[in-house]
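Residue-level structure breakdown
Residue strings, one per chain:
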Amino acid sequence: MSINPQNNPEKNKNMKTIFADAQTRLNEVFKHVDLTDDVEEKLKHPKLSLSVSIPMRMDDGSLKVFTGYRVQFDDTRGPTKGGIRYHPDVSLDEVTSLSFWMTIKCAVMDLPFGGAKGGIIVNPKDLSRLELERLSRGYIREIADIVGPKRDIPAPDVYTNSTIMGWMADEYAQIKREQLPGVITGKPVYLNGSLGRVAATGRGALYVLQQWVKRNNLQPAEMTLAVQGFGNAGYHFARLAREAGFKFVAIADSKGAIYSEEGLEPEKVMEHKEEHKDIKTMMYCDGSVCDFQRYQKISMEELLGLDVDVLVLAALENQVHKENADRIKAKLVLEIANGPVTSEADAILKKNYVTVLPDVLVNAGGVTVSYFEWVQNRGGLYWEESEVNDRLKNKIDREAKAIFDLAEEKQISLRTAAYLIGVQRIAGAITEKGTKEYFQNG
Ligand code: GLU
């Protein structure tokens, strides 16, 4: 185990790091509000970056060592919070950026949390179910010293799910020799998880879209949507949004995209995707939306350039960048993934009058219901699903309205407005702990 508090996110060959790009959003914020320099200085550096080697016995008896990370970005407002990602492209740079976004997101939603993120460099589809369990338990053993219900609370992210969170909570309880379900959220409902958590990210995104639609006097039935990414968040969003009257003309997963002018039924597409899978781990499917024969296959670039009302980005970061941003014809981009639009692409979209509903608001439903799960775990009293959903709606509606109002009042982008609100809350907490001005004047 190595702890490197300085954490220099590794440089992606010739490319600006994701973290450097993520940080440029703060420059925009600091132009609009006069904050103590302490805030700027503090938000440049992750508080703790841990990189671990996880030795794992494979099914064939061989030993393989996997690399994992956990980065706690800032804990000024409370214990750090954020998911764990399993992906072959995980890097310290990516995890650091994601932990930064979690810090902003928790502040935007006014949750009593700072931000963190974790990840393992692995393609989970290559592992058997037992290997996946051993790896997940191994990861928690390596990071057990820095997590805890009052310190840092992980959750699911890309290619992790409730089963994996259940294994991790169980491993943590064995290490600590006591039941501490609040150490992790997004657990199965049978293992102290919260009702409503699985669909929460998609549901929250729908609430944000509905608010926007209402505010701008748009009609869902007249709107067409294309969605890139058909994982947990993308699927539940599509399912709920169709129920709410929106029409989906294109859906893409990592393998390909399909298009239908008459509209797609997200549930049917998912059924098909699941039916045609070749189950390796029983948790990840090899099927793909592009096996859905009845519809026209299109490329990912074609999907991004479709003339739809809303382009929903629910896959990974950096999907819309300076090379392809000009091709976007949608009037509205809904960021369900974390960081799907780069800062350079932001400027191009703005020039082309494309409105972006930002990730730190749009996908915050997941961490908000994670917060509810943590509250229920600590209180020992469990809520009905309707209570979870009502509380989520109240929170999202309130914060979305504040962001929309501020953007209008200051004539700034919705992203800058969201960051402004979040950063001011973080700044408030930093200031209360004492700043340069306080100590110099005192
Ligand atoms: N991974 C999700 C996110 O990026 C959820 C995090 C959480 O629930 O803590 O927001």
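Everything below is about the structure printed above this text.
Attention in this report is confined to the structure presented alongside it. Since we're looking at a predicted model, the values are computed, not measured.

**Comments concerning the site of the ligand**
Among the 14 residues in the neighbourhood of the ligand, the closest are listed as Lys 81, Lys 105, Pro 156, Asp 157 and Ser 370. One of the side-chain nitrogen or oxygen atoms of Lys 81 is found 2.8 Å away from an oxygen atom of the ligand. The separation between an oxygen atom of the ligand and a polar side-chain atom of Ser 370 is 2.6 Å. For the ligand, whose unbound accessible area comes to 290 Å², protein coverage reaches 95%. Every element with two or more residues in the shell around the ligand is listed here: helix H3 (92-108) and helix H12 (365-379). The element contributing the most residues to the shell around the ligand is H12, with three residues. For the shell around the ligand, the class distribution of residues is four nonpolar, five polar and five charged.

**Considerations on the sheet that holds strand S13 (residues 332-335)**
Pairing is mixed in the open sheet, where seven strands are placed in the order S11-S10-S9-S8-S12-S13-S14. This sheet does not close on itself; its edge strands, each paired only once, are strand S11 (296-298) and strand S14 (355-357). Each neighbouring strand pair of the sheet contributes to a mean axis angle of 20 degrees, computed without reference to strand direction. Of the pairings in the sheet, the one linking strand S9 (residues 247-253) to strand S10 (residues 256-264) comprises five bridges and is antiparallel in character. From the neighbouring strand, Phe 248 faces S10, where its bridge partner is Leu 264.

**Focus on the environment of Asp 89**
With respect to the helices, strands and loops of the structure, Asp 89 is situated in the loop between strand S5 (84-87) and H3. Separated by 113 residues in sequence, Asp 89 and Gly 202 place their C-alpha atoms 24 Å apart.

Here is what the cut-offs are and how they apply
- Residues numbered from 1 in each chain as written.
- Predicted model: local features only at pLDDT ≥ 70, side-chain atom pairs only at ≥ 80, totals over all residues.
- Heavy atoms only, no water.
- Near = heavy atom within 4 Å.
- Polar contact = N/O pair within 3.5 Å; in protein donor to acceptor, adjacent residues only side chain to side chain.
- Areas by Shrake-Rupley, 256 points an atom, 1.4 Å probe, with all protein chains shown as cover.
- Helix = DSSP H or I, 4+ residues; strand = E, 2+ residues; numbered from the N terminus.
- Nonpolar A, V, L, I, M, F, W, Y, C, P; charged D, E, K, R; others polar.
- Pairing = 2+ DSSP bridges.
- Axes fitted to C-alpha atoms, helices over the stretch in contact; angles between N-to-C directions.

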